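Listed here are the chains, written in short residue letters.
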Amino acid sequence: MFTSIRLTRSICLSLSMALASIAVLALAAFREVSADISNEANEGLSVPIVMYHGVVGDEADAGEYVITVDELERDFEYILDSGYTPVFCSELADYVNGDGTLSDKSVVITFDDGGYGCFYYVLPLLERYKIKATFSIVGEWSMAAAEDAAPSAAYSTVDLDNLKTMYLSGYCELANHSFNMHYLISEGAQRDGMLQLDGESDEDYRRTLWNDLTEAQNYIAQSGAEPRVLAYPYGFCSDYTSQLVKALGFEVTLGCEEKINLLTKGDSDCLYNLGRFNRSGGANREQFFSEFFNQ
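Now for a quick tour of the structure.

Each value, and the rule that gives it
All chains use their own residue numbering, which begins from 1 and follows the written sequence. The predicted nature of this model means local features are confined to residues of pLDDT at least 70 and side-chain atom pairs, given and counted, to a pLDDT of 80 or more, with totals for whole chains, interfaces and linings taken over all residues. Where side-chain values are given, they derive from all heavy atoms of the structure, hydrogens and water being excluded. By definition, any uninterrupted DSSP run of H or I lasting at least four residues is a helix, any uninterrupted run of E lasting at least two residues is a strand, and each is numbered from the N terminus. The classification of residues rests on relative accessible area computed with a 1.4 Å probe and restricted to protein chains. Under 20% of the type maximum is buried, over 50% is exposed, and intermediate values are partly exposed. Contacts: residue pairs with any heavy atoms within 4.5 Å of one another. With residues, only the protein chains shown are counted as cover, and all accessible areas are computed by Shrake-Rupley using a 1.4 Å probe. Two N or O atoms count as a polar contact when they lie within 3.5 Å, although within protein this holds only if one can serve as hydrogen donor and the other as acceptor, and sequence-adjacent residues are included solely when both atoms are side-chain atoms. Pairing between two strands is assigned when DSSP locates at least 2 bridges connecting them. The angle between two axes is taken between their N-to-C directions and runs from 0 to 180 degrees, where each axis is a line fitted to C-alpha atoms and a helix contributes only its stretch in contact. Put simply, angles under 35 degrees are roughly parallel, angles over 145 are roughly antiparallel, angles from 65 to 115 are roughly perpendicular, and the rest are oblique. When the near helix sits turned anticlockwise from the far one by under a right angle, the crossing is termed left-handed; a clockwise turn instead gives a right-handed crossing. What is meant by a nonpolar core is a set of buried Ala, Val, Leu, Ile, Met, Phe, Trp, Tyr and Cys residues, joined one to another through side-chain atoms within 4.5 Å.

1. Some details on the overall build of the protein chain
Then comes step 1: Broken down by element type, the protein chain carries nine helices and twelve strands.
Then comes step 2: For the protein chain, the residues scored as buried account for 43% of the 295 residues in total.
Then comes step 3: Expressed as a percentage of contacts within the protein chain between residues at least 6 apart in sequence, the contacts between residues at least 24 apart total 67%.
Then comes step 4: Carbon and sulfur atoms make up 51% of the accessible area of the protein chain, which totals about 15,200 Å².

Rendered as structure tokens:
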């Protein structure tokens with residue numbers, strides 16, 4: 001009732017050779033994957049960060065730190081068409097700390113200062129294209145925005161209700177940009193950003209910085225968010241500033257130097273003072289992104 005199957009010597013030889021070829025291919029594939037993992041562990045993961053500021057509807061209001069909503073939408077399309085995945089800054093920390101994964105073509109999109117255009121123009125685009133972005137909020141400016149009866153995308157900032165809506169959307173990460181330290185001495189302020197003053201004691205500086213950032217954290221927390229990210233006003237930072245910021249528990253800090261960031265698992269120091277590329281209104285899109293995108 002059973003059929004006996006005999007394999008000829010030539011068939012056996014062919015089968016053995018096929019199995020051997022499969023084994024060689026499998027070993028090569030394993031080595032390639034292992035090499036990729038090893039390279040990632042040794043060399044790190046390169047992640048560019050794009051820095052936007054104001055977003056307006058009228059091209060006449062665009063400039064070095066202001067882009068039109070039409071330009072921004074084309075940017076979003078370009079980023080996605082290039083195969084990049086926008087992620088939150090906090091996801092970089094999760095990756096480095098071993099609690100998350102990232103695509104090898106990850107990019108971070110950030111918006112500084114909390115202009116009203118972030119709520120009016122940017123949020124709808126994020127929802128339409130399912131894109132994540134990080135927004136750095138100046139507490140004092142946002143608090144004062146509640147007094148604007150008719151907010152302007154070109155001049156106003158987001159208020160607390162706007163922040164709540166943005167955070168609850170799931171597409172907006174809120175970051176700390178100080179409470180009231182986003183000023184310059186040349187503009188009549190006491191200090192440049194968050195920098196320590198000449199002659200200011202370490203203790204006085206620590207107290208001032210601690211109080212300011214804590215006040216900003218408490219304000220933003222009213223939206224439901226608990227910022228893990230700090231963006232330095234104007235990118236100004238000293239070694240002592242960095243020490244204090246780490247002690248406050250911030251996991252990621254953003255600077256303004258234009259450089260690609262190299263993330264290494266297990267090395268939390270690589271998350272501090274990350275570089276960003278400023279996107280100016282009217283700049284050539286392909287030329288701008290070609291500086292840090294691997295096409």
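2. Comments concerning the side chain of His-177
Then comes step 1: Residue position: His-177 is located in the loop between strand E8 (172-176) and helix H7 (202-221).
Then comes step 2: A relative accessible area of 1% means that His-177 is categorised as buried.
Then comes step 3: Side chain to side chain, His-177 and Asp-113 meet in a polar contact 3.1 Å long.
Then comes step 4: Apart from residues no more than four positions distant in its own chain, His-177 is found in contact with Asp-112, Asp-113, Ser-136, Ile-137, Val-138, His-182, Leu-230, Ala-231, Tyr-232 and Pro-233.

3. Re the pairing of strand E2 (residues 49-52)
Then comes step 1: Alternating positions in E2 separate into two faces, Ile-49 and Met-51 on one and Val-50 and Tyr-52 on the other, with burial throughout.
Then comes step 2: Of the strand pairs in this sheet, E2 and strand E6 (residues 106-112) are connected by four bridges, and their pairing is parallel. Looking at E6, one finds that Val-50 is bridged to Ile-109.
Then comes step 3: Here two bridges tie E2 to strand E12 (residues 277-278), and the two strands are oriented parallel to one another. By the bridge assignment for E12, Met-51 is matched with Asn-278.

4. Side note on the packing of H7 against helix H8 (residues 239-247)
Then comes step 1: Between H7 and H8, whose axes approach to 11 Å, the crossing angle comes to 50 degrees. In terms of axis orientation, H7 runs oblique to H8. Here H7 and H8 pass one another in a crossing that is right-handed. Facing H7, whose interface residues are Asp-202, Tyr-205, Arg-206, Leu-209, Trp-210 and Leu-213, H8 presents Tyr-240, Thr-241, Leu-244, Val-245 and Ala-247.

5. Considering the nonpolar core
Then comes step 1: Judged by nonpolar contacts, the single largest core of 39 residues is most densely connected at Phe-76, Phe-111, Phe-135 and Phe-289.
Then comes step 2: In this structure Phe-111 touches Tyr-52, His-53, Val-55, Leu-72, Phe-76, Cys-118, Val-122, Ala-133, Thr-134, Phe-135 and Ser-136, once residues within four positions along its chain are discounted.
Then comes step 3: Core analysis: the second largest hydrophobic core is formed by 20 residues, Ile-49, Val-87, Cys-89 and Leu-92 among them.

6. Describing the environment of Glu-215
Then comes step 1: Among the structural elements, Glu-215 can be located in helix H7.
Then comes step 2: Measuring from C-alpha to C-alpha, the distance between Glu-215 and Phe-179 comes to 6.3 Å, with 36 residues separating the pair along the chain.

Interpretation in functional terms is not warranted from these geometric data alone.
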